[in-house]
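Residues per chain, in single letters:
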Amino acid sequence: MSWIPDPPVILVLLKRIEQGENLLQDSCELFWRFYLQSMSPEEFEERTEFWIERHLEDSPKGGGFMDPEIRDYILAGKEKLSQVIIDKLDELSEKKFVPYIPDENEDPIALHVHLYVESSRLVRFLKLEQYSERSRESLTNTINVFNRCNKASGNFADKPWDPEYSVSLFAIGSFLFAIQFRIQQSDGQYENALGSLVYCYANNLLASHQFPKYGFPNPKAEASVSLINSIGNVWEKSPWMQDLDPQEPVDCFEAILTGKNRSKLKDVADICSFFVTVAKSWWPIAQDEWPNEEQEIEVRDSKGETWSLPEYWQHAAGWAEAQLQPSELRDLLNEREDQAAENRLRTYFFGEKLWDKLTERARRSIVSADRDWFSGSVARTESILNELQIATTELLTCGLWNPMGEWLERNNTKNIDTSKYDELVYDLKSKNRSLTALDLERTCRMPVTVKYLTLKGISEPDLEWITKVLPTSIFKLRQARNRAEHVSDSQIEREELNRFYSEFIGIGQTGIIRKISELINAFDDKTDS
């Protein structure tokens with residue numbers, strides 16, 4: 001006997017998914033019915049008998065509202081019905097499997113469907129077999145699909161699906177990593193277990209934060225109203241997370257503390273630091289059993305001493321950091337500063353969508369500049385100026401130079417003055433060198449650039465900004481950077497450095513780097529003339 005939700009609904013959903021009527025909604029509903037509404041074998045048996053006796057035999061309609069095929073499955077009895085659902089789910093898993101092809105953009109909707117089906121099967125394995133080999137294999141495969149789906153979804157600034165599906169994706173991630181935490185904990189892989197719990201909490205946070213932000217205004221979608229609405233508080237609704245005890249990660253850390261294998265202490269120290277920041281709001285589950293907000297959740301260490309949850313993780317983080325080599329501690333602190341800088345930039349200066357569209361190299365340079373600026377301990381002034389220049393050069397290379405070169409190759413240029421552009425291209429090739437900030441400063445002023453941007457449909461004010469204002473700003477940045485790096489008695493005052501940082505990042509104004517990115521993305525959305 002399997003552990004299955006309401007069979008008539010499940011059979012209808014399986015059939016719809018197979019036919020591809022509304023794949024995303026139907027597969028999503030399939031998972032949440034398994035996750036939230038599944039019955040025990042005893043309940044399943046009682047419910048099947050009820051359908052047969054009341055709805056199919058005694059009902060005046062004789063079950064006529066049902067698909068005849070589904071009606072026949074129910075009349076065949078609970079054993080046949082259970083096996084049909086299991087077989088159909090397994091067949092659907094094979095049909096909706098999305099093979100991984102390296103270096104190709106993946107279809108996020110196909111991956112969503114794949115993920116929902118695999119997660120439904122995982123729920124069944126866990127309820128029947130707990131942490132069997134088959135359950136573990138299913139979990140590993142499903143986490144792999146989740147990571148692929150998450151990555152593919154991140155490639156879309158404007159998601160081609162309703163926001164509830166993004167919430168659902170994060171909720172599934174929270175569930176998957178909660179299960180992985182439990183398995184790794186039971187296997188004695190305590191460092192890995194703590195890492196999985198961080199991912200569990202992070203995905204729960206993303207799901208919970210997006211839920212009230214969007215709301216689900218689609219009254220026609222049954223999945224949206226009756227099921228996805230019920231995951232607003234993922235922890236409260238999850239049968240696999242309600243029983244997570246704050247003592248469990250403490251026991252994992254205590255096992256690390258008393259163990260001999262400390263090869264991942266740097267990772268553990270970082271995890272403990274994360275737990276410090278979330279300890280006060282850690283367990284938004286089982287509220288009737290836990291203390292209220294004015295009271296502290298208490299945990300015990302291996303010696304039996306009692307700690308408040310925040311105090312314990314502060315102690316754990318301090319102990320773990322004290323065990324690190326100086327170089328490891330320095331790397332850890334730098335990584336934390338980088339993360340803090342990225343959070344600042346993403347939140348206050350660029351926004352999620354624009355930040356995600358920046359190239360990796362541009363993001364790294366902006367983060368480095370921000371980190372050095374806010375740390376207040378800049379050893380070399382030119383480092384901030386250099387990173388600002390690198391980010392600007394990277395964006396103009398990828399967003400203006402490269403696409404303009406491709407456009408010139410595809411179009412007739414007889415009526416376009418490309419002489420200065422051709423000279424620069426020849427110089428780059430003959431000397432085998434890369435584009436510099438000076439090259440791009442000159443490129444912004446070229447007639448061919450004006451023609452290219454005009455045909456792209458750029459507005460007059462933006463065209464003037466790119467061809468006149470931007471080159472002047474790049475020139476001033478280059479001069480200051482060269483002076484700071486090459487003139488020994490030169491000193492860039494903090495006030496002057498502040499002007500460059502504010503101008504390029506965007507304090508009190510639209511930052512140059514942000515504006516370049518916005519304009520580049522605007523002409524990416526336009527077709528070539």
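Remember, it's a predicted structure, so these values are computed and weren't measured experimentally.

Here is what the cut-offs are and how they apply
Residues numbered from 1 in each chain as written. Predicted model: local features only at pLDDT ≥ 70, side-chain atom pairs only at ≥ 80, totals over all residues. Heavy atoms only, no water. Helix = DSSP H or I, 4+ residues; strand = E, 2+ residues; numbered from the N terminus. Buried < 20%, exposed > 50% of the residue type's maximum accessible area, 1.4 Å probe, protein only. Contact = heavy atoms within 4.5 Å. Areas by Shrake-Rupley, 256 points an atom, 1.4 Å probe, with all protein chains shown as cover. Core = buried A, V, L, I, M, F, W, Y, C linked by side-chain atoms within 4.5 Å. Phe/Tyr/Trp six-rings, centres within 6.5 Å; stacked < 30°, edge-to-face > 60°. Salt bridge = Lys/Arg side-chain N within 4 Å of Asp/Glu carboxyl O. Expected span 1.5 Å × (residues − 1). Arc of directions from axis to C-beta. Axes fitted to C-alpha atoms, helices over the stretch in contact; angles between N-to-C directions. Parallel < 35°, antiparallel > 145°, perpendicular 65-115°, else oblique. Left-handed = near helix turned anticlockwise from the far one by under 90°. pLDDT = per-residue confidence, 0-100. Polar contact = N/O pair within 3.5 Å; in protein donor to acceptor, adjacent residues only side chain to side chain.

Colleague: Explain the overall build of the chain to me, using residue names and the numbers behind them.
Modeller: Helix and strand content of the chain: 24 helices and two strands. By residue count, 48% of the 529 residues in the chain fall in the buried class. When contacts within the chain are restricted to residue pairs at least 6 apart in sequence, long-range pairs at least 24 apart make up 72% of them. A total accessible area of about 26800 Å² is found for the chain, and carbon and sulfur atoms account for 46% of it.

Colleague: For the nonpolar core, give the residues involved together with the corresponding values.
Modeller: In terms of nonpolar packing, the biggest core is built from 74 residues, with L30, F31, F175, L176, F253 and W313 touching the most fellow members. Broken down by element, the residue count for this core peaks at 13 residues, all from helix α8 (residues 163-186). Grouped together as the second largest cluster of nonpolar side chains are 55 residues, L345, W407, W465 and I474 included.

Colleague: Describe the packing of aromatic side chains, and please don't skip the residues or the numbers.
Modeller: This structure, assessed with the given rule, holds 16 aromatic pairs. Three or more aromatic residues link up through ring pairs in this structure, and these residues are F253, F275, W307, Y312, W313 and W319.

Colleague: Describe the pattern of salt bridges, and please don't skip the residues or the numbers.
Modeller: For side chains of opposite charge, pairing can occur when their charged atoms come near one another. Summed over the entire model, instances satisfying the criterion amount to 18 salt bridges. A salt bridge links D187 to R136, with the nearest nitrogen and oxygen atoms 2.6 Å apart. Of this pair, D187 sits in the loop between α8 and α9 (190-214) while R136 sits in helix α7 (residues 133-154), and the two are 51 residues apart along the sequence. By relative accessible area, which is 23% here, R136 ends up partly exposed. Note that E496 is salt-bridged to R483, the shortest N-O span being 2.9 Å. Placement of E496 in helix α23 (residues 494-506) and of R483 in helix α22 (residues 460-486) is noted, with a sequence separation of 13 residues between them. A residue is classified by how much of its surface remains accessible, and R483, at 32% relative accessible area, is partly exposed. Linked through salt bridges whose partners overlap, the residues forming this network are D90, E118, R121 and R124.

Colleague: Please give an account of the environment of V117 that cites residues and values.
Modeller: Within the secondary structure, V117 sits in helix α6 (residues 108-129). Placed 20 residues apart in sequence, V117 and F97 show a C-alpha to C-alpha distance of 9.1 Å. Contact partners of V117, with chain neighbours within four places excluded, come to L89, L92 and S93.

Colleague: Can you break down helix α5 (residues 78-95) residue by residue, with the values?
Modeller: Helix length check: α5 (18 residues) gives 26 Å between terminal C-alpha atoms against 26 Å at 1.5 Å per residue, within 8%. The set of residues buried in α5 consists of L81, S82, V84, I85, I86, L89, L92 and S93.

Colleague: Tell me what's going on with helix α19 (residues 419-431), and back it up with residues and numbers.
Modeller: Its 13 residues place the ends of α19 18 Å apart at the C-alpha level, agreeing with the 18 Å of an ideal helix rising 1.5 Å per residue. The set of residues buried in α19 consists of Y421, L424, V425, D427 and L428. In an axial view of α19, the angular spread of the buried residues amounts to 160 degrees, which keeps them on one side of the axis. Residues of α19 that are exposed and point more than 90 degrees away from the buried face comprise E423, Y426 and K429. Turning to α19, the residues buried within the fold contact α18 (382-410), α20 (437-445) and α21 (447-455).

Colleague: Outline unusual backbone geometry, listing residues and values.
Modeller: Of note in this structure, Q130 is not a glycine but carries a positive phi near 55 degrees. Overall, the relative accessible area of 58% leaves Q130 in the exposed class.

Colleague: Explain the packing of α18 against α19 residue by residue, including any values.
Modeller: Between two packed helices, what matters for the description is the angle formed by their axes and the separation of those axes. Two numbers describe how α18 lies on α19: the axes approach to 13 Å, and their chain directions differ by 110 degrees. The angle between α18 and α19 places the two elements in the roughly perpendicular class. Crossing handedness for the pair α18 and α19: left-handed. Taking contact as the criterion, the partners of W401, M404, G405 and L408 in α18 are, on α19, Y421, L424, V425 and L428.

Colleague: Explain the confidence of the model for the chain residue by residue, including any values.
Modeller: Taken as a whole, the chain shows an average pLDDT of 78; of its residues, 77% reach a score of 70 or greater. Within the chain, helix α10 (residues 222-227) has the poorest average pLDDT of any element, 42, and α20 the best, 94. Overall, residues 211-235 carries pLDDT values under 50, and its contacts beyond four positions in sequence, including any with other chains, amount to 60 contacts. Considering only residues more than four positions removed or in separate chains, one finds that residues 284-291, a stretch of pLDDT under 50, has 14 contacts.

Colleague: Kindly report on the environment of Q314, identifying the contributing residues and their values.
Modeller: Mapped onto the fold, Q314 is located in helix α14 (residues 309-322). Judged by its relative accessible area of 48%, Q314 falls in the partly exposed class. In sequence terms Q314 and T277 are 37 residues apart; their C-alpha atoms lie 9.2 Å from each other.

Colleague: Describe the side chain of T467, listing the residues and the values that go with them.
Modeller: Relative to the helices and strands, T467 is located in helix α22. The buried category is assigned to T467, whose relative accessible area is 12%. One polar contact links the side chain of T467 to the main-chain carbonyl oxygen of L463, over a distance of 2.8 Å. Setting aside anything within four residues of it in sequence, one finds T467 in contact with C444, R445 and V450.

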